[in-house]
Amino acid sequence: MPLASMPSPSQGVWYLGFIPIRAYALCFIVAIVFGTWLSERRWRAHGGEKGAISDIAVPAVIFGLIGARLYHVITDWQTYFGPRAVKEPYRALFIWEGGLSIWGAVALGGVGVWLACRRRGMSLAAVADTVAPGIAFGQAIARWGNWFNQELYGSPTTLPWGLEIDQAHGGEPGVLYHPTFLYESLWDAALGFGLILAGRRFTLRHGRLFALYVAGYTFGRFWIEGLRIDPVGGVDHAVTLLGLRINQWTSIVLFIGALVYLWATRRGAAERPAERTDAAAPS
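Computed from a prediction, not measured in an experiment: that's the story for all the values here. (Residues numbered from 1 in each chain as written. Predicted model: local features only at pLDDT ≥ 70, side-chain atom pairs only at ≥ 80, totals over all residues. Heavy atoms only, no water.)

Asker: Could you clarify how one ought to interpret the overall build of the protein chain in this entry?
Answerer: If you tally the helices and strands in the protein chain, you get nine helices and six strands. Nonlocal contacts in the protein chain, meaning residues at least 24 apart in sequence, comprise 71% of its contacts between residues at least 6 apart. Carbon and sulfur atoms make up 68% of the accessible area of the protein chain, which totals about 14,300 Å². (Helix = DSSP H or I, 4+ residues; strand = E, 2+ residues; numbered from the N terminus. Contact = heavy atoms within 4.5 Å. Areas by Shrake-Rupley, 256 points an atom, 1.4 Å probe, with all protein chains shown as cover.)

Asker: Help me understand the UniProt feature "transmembrane region" (unreviewed entry) in the protein chain, please; the structure alone is not making it clear to me.
Answerer: Here, the residues flagged by UniProt with the feature "transmembrane region" (unreviewed entry) are residues 12-35, 56-74, 94-117, 210-226 and 246-264. End C-alpha to end C-alpha, residues 12-35 measures 23 Å, and it is 54% helix and 33% strand. Structurally, residues 56-74 comprises 100% helix and 0% strand, and the distance from its first C-alpha atom to its last is 27 Å. (UniProt positions renumbered as here; feature names shortened; annotations may be inferred.)

Asker: How should I be thinking about a nonpolar patch on the surface in this particular structure?
Answerer: Residues Val-58, Ile-62, Ile-66, Leu-70 and Ile-74 make up a contiguous nonpolar surface patch of about 470 Å² in total accessible area. Summarising the element assignment, Ile-74 is placed in helix α2 (residues 52-75). (Patch = residues over 30% accessible without salt bridge, like charges linked within 9 Å, V, L, I, M, F, W, Y side chains within 5 Å. Salt bridge = Lys/Arg side-chain N within 4 Å of Asp/Glu carboxyl O.)

Asker: Would you mind showing me how to read the pairing of strand β2 (residues 19-22) here?
Answerer: Sheet faces and side chains relate simply in a regular strand, where the side chains alternate between the two faces. In terms of strand pairing, strand β1 (residues 13-16) meets β2 through four bridges, oriented antiparallel. Its bridge partner lying in β2, Tyr-15 is registered against Pro-20. What sits between β1 and β2 in their antiparallel hairpin is a turn of two residues, with Gly-17 showing a positive phi close to 70°. (Pairing = 2+ DSSP bridges.)

Asker: Please explain the UniProt feature "binding site: a 1,2-diacyl-sn-glycero-3-phospho-(1'-sn-glycerol)" (unreviewed entry) in the protein chain as it appears in this structure.
Answerer: UniProt's entry tags Arg-143 with the feature "binding site: a 1,2-diacyl-sn-glycero-3-phospho-(1'-sn-glycerol)" (unreviewed entry), counted in the numbering of this structure. Mapped onto the fold, Arg-143 is located in the loop between α4 (124-142) and α5 (144-148). Those residues within four positions of Arg-143 in sequence are excluded, and the remaining contacts are Leu-152, Phe-181, Glu-184, Ser-185, Tyr-217 and Arg-221.

Asker: In this structure, what is going on with the side chain of Ser-8? I would like to understand it.
Answerer: Within the element layout of this structure, Ser-8 appears in the segment before β1. In this structure the side chain of Ser-8 is engaged in a polar contact, spanning 2.4 Å, whose partner is the backbone oxygen of Glu-164. Those residues in contact with Ser-8, other than ones at most four positions away along the chain, are Trp-147, Gln-150, Leu-163, Glu-164 and Ile-165. (Polar contact = N/O pair within 3.5 Å; in protein donor to acceptor, adjacent residues only side chain to side chain.)

Asker: Before we go on, may I ask you to explain the environment of Tyr-183 in this structure?
Answerer: Of note, Tyr-183 is situated in helix α6 (residues 180-201). A relative accessible area of 16% means that Tyr-183 is categorised as buried. Residues Tyr-183 and Tyr-153 lie 30 residues apart in sequence; the distance between their C-alpha atoms is 9.9 Å. Setting aside its immediate chain neighbours within four residues, Tyr-183 contacts Leu-159, Trp-161, His-178, Trp-223, Ile-224 and Leu-227. (Buried < 20%, exposed > 50% of the residue type's maximum accessible area, 1.4 Å probe, protein only.)

Asker: What is the right way to read the nonpolar core from this model?
Answerer: If you look at soluble globular proteins, the nonpolar side chains tend to sit buried side by side. If you look at the biggest cluster of nonpolar residues, it comprises 15 residues, and the most contacted ones within it are Ile-102, Trp-103, Ala-136, Leu-191, Leu-195, Tyr-213 and Tyr-217. Mapped onto this core, the elements with two or more residues apiece are α3 (102-120), α4, α6 and α7 (208-225). Element by element, the count of residues in this core is highest for α7, at five residues. With residues near it in sequence (within four places) discarded, Ile-102 still touches Gln-139, Tyr-213, Tyr-217 and Arg-221. One finds Ile-53, Ala-60, Ala-126 and Val-127 within the second-largest nonpolar core, a separate group that totals 12 residues. (Core = buried A, V, L, I, M, F, W, Y, C linked by side-chain atoms within 4.5 Å.)

Asker: Help me understand the packing of α3 against α7 in this model?
Answerer: What describes two packed helices is the angle between their axes and the distance between those same axes. One way to put it is that α3 packs onto α7 with a least axis distance of 13 Å and a crossing angle of 165°. As the angle between them shows, α3 and α7 are arranged roughly antiparallel. The interaxial crossing formed by α3 with α7 has left-handed handedness. In this structure, α3 contributes Ile-102, Trp-103 and Val-106 to the contact, and α7 contributes Phe-210, Tyr-213, Tyr-217, Thr-218 and Arg-221. Within the contact of α3 with α7, the residues separate by chemical class into six nonpolar, one polar and one charged. (Axes fitted to C-alpha atoms, helices over the stretch in contact; angles between N-to-C directions. Parallel < 35°, antiparallel > 145°, perpendicular 65-115°, else oblique. Left-handed = near helix turned anticlockwise from the far one by under 90°. Nonpolar A, V, L, I, M, F, W, Y, C, P; charged D, E, K, R; others polar.)

Asker: Would you take a moment to explain the pattern of salt bridges for this structure?
Answerer: For side chains bearing opposite charge, pairing can occur when the charged atoms are close. Under the definition given, this model contains seven salt bridges. Linking Glu-184 and Arg-143 is a salt bridge whose minimum nitrogen-to-oxygen distance equals 3.1 Å. In this pair, Glu-184 is assigned in helix α6 and Arg-143 in the loop between α4 and α5, connecting sequence segments 41 residues apart. Its relative accessible area of 4% is what places Glu-184 among the buried residues. Note that Glu-184 and Arg-221 form a salt bridge whose closest N and O atoms lie 4.0 Å from each other. On the criterion of sequence distance, the pair formed by Glu-184 in helix α6 and Arg-221 in helix α7 is long-range, its members being 37 residues apart. For the pair Glu-184 and Arg-221, one class covers both residues: buried.

Asker: Looking at this model, I keep getting lost on the side chain of Thr-130. Mind explaining?
Answerer: With respect to the helices and strands, the residue Thr-130 is situated in helix α4. Within the structure, the side chain of Thr-130 is placed 2.8 Å from the backbone oxygen of Ala-126, a separation counted as a polar contact.

Structure representation (structure tokens):
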């Protein structure tokens, strides 16, 4: 065993009487609250109506949670359904056991934001640019829920920050693993700061700052995903295509889409006035 390592929590659930307090859920709550607070501040700083982002956050979170779980269940369906299932089908509803995908959260959460923006007469592009850094910071916080659940770890390593995983969660005695949850958390936090700085330095409106978030996140997610050894899409293995995992292919497609959008809007973003209803698009 190396002289230094990163331990995993001995438990992820505490009980207040008969009420379970789950670390995974707490991390997501803190992530949502912080992301909403930061986005609200950014919206207000650009002349937006007080409470507008907080109102939008409600349908965004509801739709986002549904989307996050749906994506997980669809891509990892064999865990809950079929002859090789290791969990009962009804446990597909147990989000506290892990399995919330950012892809589904952003996709369906975006539908919730779009509906709320239509109702309030707000610019969807302006809102997207406003919340982009908050989403990145929220992801950085939420990833620590995976630490408590001892999931999202990578291949064995001898690095001093190697993660200890107990046998109940697939680890082997004396073996340390890449803490991919930590890598992604640090990447997301750096991305959040980078988006704020980029917004101040450059004219990134009409959804361009959000596109930069997508490009930055997927770029990091691609190589971090390549370190993971936990199963995705199968019961005891990860489904791959041409040697890449499902989430790596998703990262590639979204990364290219974000770059295409940034390139296609490079001139119009500088020539058109900022879109606004309640507030100007943040820069």
